[in-house]
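Close look at the chain arrangement
Take a look at the letters that make up each chain.
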Amino acid sequence: MHTAGGHHHAVLTTTLNDDHIHELFDHIDADGSGYISKSEADLVIDQLEPDDKPACIQEVVDNAFTDGKSLSDPESGANFDEFMGVLAAVNVYCHPEHP
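Computed from a predicted model, the values in this text were never measured in an experiment. (Residues numbered from 1 in each chain as written. Predicted model: local features only at pLDDT ≥ 70, side-chain atom pairs only at ≥ 80, totals over all residues. Heavy atoms only, no water.)

1. Considering the overall build of the protein chain
Under the convention used in this document: Here a strand is any run of E in DSSP of at least two residues, a helix any run of H or I of at least four, and the numbering for each starts at the N terminus. Only protein chains enter the accessibility calculation, which uses a 1.4 Å probe; a residue is then buried when its area is under 20% of its type maximum, exposed when over 50%, and partly exposed in between. Pairs of residues are marked as contacts when any of their non-hydrogen atoms sit within 4.5 Å.
Each helix and strand in the protein chain was counted, giving four helices and two strands. The N-to-C order of helical and strand elements in the protein chain reads α-β-α-α-β-α. Burial analysis of the protein chain (99 residues in total) assigns 38% to the buried set. Long-range contacts, defined as pairs at least 24 residues apart, comprise 60% of the intrachain contacts of the protein chain with a sequence gap of at least 6.

2. Things to note about a negative patch on the surface
What counts, and what does not: In this analysis, a patch consists of residues with relative accessible area above 30% that form no salt bridge, clustered at 9 Å for like charges and at 5 Å for the nonpolar side chains Val, Leu, Ile, Met, Phe, Trp and Tyr. We get accessible surface area from the Shrake-Rupley algorithm with a probe of 1.4 Å; when it comes to residues, only the shown protein chains can shield them. A carboxyl oxygen of Asp or Glu within 4 Å of a side-chain nitrogen of Lys or Arg is what we treat as a salt bridge. Only four residue types enter the tally: Lys and Arg on the positive side, Asp and Glu on the negative side, with His and both chain ends excluded. A single reference atom marks each charge: NZ on Lys, CZ on Arg, CG on Asp, CD on Glu.
Residues Asp 18, Asp 19, Glu 23 and Asp 26 make up a contiguous surface patch of negative charge. Inspection of the secondary structure assignment puts Asp 19 in helix α1 (residues 18-28).

3. Section: the nonpolar core
As a reminder, the rule being used: Among the buried residues, those of types Ala, Val, Leu, Ile, Met, Phe, Trp, Tyr and Cys that are joined through side-chain atoms within 4.5 Å form a nonpolar core.
Counting residues in hydrophobic clusters, the biggest one holds 21 residues, and the most contacted among them are Ile 28, Ile 36, Ile 57, Val 60, Val 61, Phe 83 and Val 90. When contributions to this core are tallied by element, the ones reaching two or more residues are α1, α2 (38-45), α3 (54-64) and α4 (80-94). Examining the composition of this core, we find that seven residues originate from one element, α4, more than from any other.

4. So, the packing of aromatic side chains
In plain terms, the rule: Each pair of aromatic rings taken from Phe, Tyr and Trp, with Trp reduced to its six-membered ring, is defined by centres within 6.5 Å and is described as stacked if the planes are under 30 degrees apart, edge-to-face if over 60, and tilted in the remaining cases.
For the structure shown, the criterion picks out three aromatic pairs. Look at Phe 25 and Phe 83: their rings are 5.3 Å apart centre to centre, the planes differ by 70°, and that puts the pair in the edge-to-face class. Here Phe 83 lies in helix α4 and Phe 25 lies in helix α1, a separation of 58 residues in the sequence. For the pair shown, Phe 25 and Phe 83 are each scored as buried.

5. Digging into α2
Listing the buried residues of α2 in full gives Glu 40, Ala 41, Asp 42, Val 44 and Ile 45. Considering only its buried residues, α2 is in contact with α1, β1 (36-37) and α3.

6. What about unusual backbone geometry?
Positive phi outside glycine occurs at Lys 53, with the angle close to 60°. With respect to the helices, strands and loops of the structure, Lys 53 is situated in the loop between α2 and α3.

7. Digging into α4
The test is simple: Multiplying 1.5 Å by the helix residue count minus one yields the expected span of that helix. For the purposes of these results, a polar contact is taken to be a pair of N or O atoms within 3.5 Å, where, inside protein, one atom must be able to donate a hydrogen and its partner to accept one; residues adjacent in sequence count only when each atom of the pair is a side-chain atom.
Its 15 residues give α4 an end-to-end C-alpha distance of 20 Å, which sits within 8% of 21 Å, the value for a rise of 1.5 Å per residue. Where α4 is concerned, the buried positions are Phe 80, Glu 82, Phe 83, Val 86, Leu 87, Ala 89, Val 90, Asn 91 and Cys 94. Here the buried face of α4 lies against α1, β1, α3 and β2 (77-78). Sitting at the head of α4, Asn 79 places a side-chain oxygen 3.1 Å from the backbone nitrogen of Asp 81.

8. Considerations on the state of the cysteines
Note on terminology: a disulfide is the covalent bond linking the sulfur atoms of two cysteines. Basically, it comes down to this: Any cysteine sulfur atom paired with another within 2.5 Å is treated as part of a disulfide.
All chains considered together, the criterion is met by one disulfide. The side chain of Cys 56 participates in a disulfide bridge whose partner is Cys 94; the two sulfur atoms lie 2.1 Å from each other. Measuring handedness by torsion sign, the sulfur bridge of Cys 56 and Cys 94 sits at about -90° and is left-handed. You can see Cys 56 sitting in helix α3 and its partner Cys 94 sitting in helix α4, a full 38 residues away along the chain.

Below you can see the structure in the form of structure tokens.
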């Protein structure tokens, strides 16, 4: 999601409906492959505001892409279901103030 300044804000699964989450996935999936690569995720994290806790989000993403690979894609991309798991982890670990 972009703000007027062109920055992304952290996404909490508790505040977005499925359509918004699919739109976000499609936005991050810049090459349209149906998978989010580590480099695509990193590009979005680099644009986060400090209040979005980018260091925490980077740690969650790095853990999701251990050894440069994801669980289901041989080309190291996260599919939509894995993306949902990453969003849930971000919500729990980086934004616990939002139940």
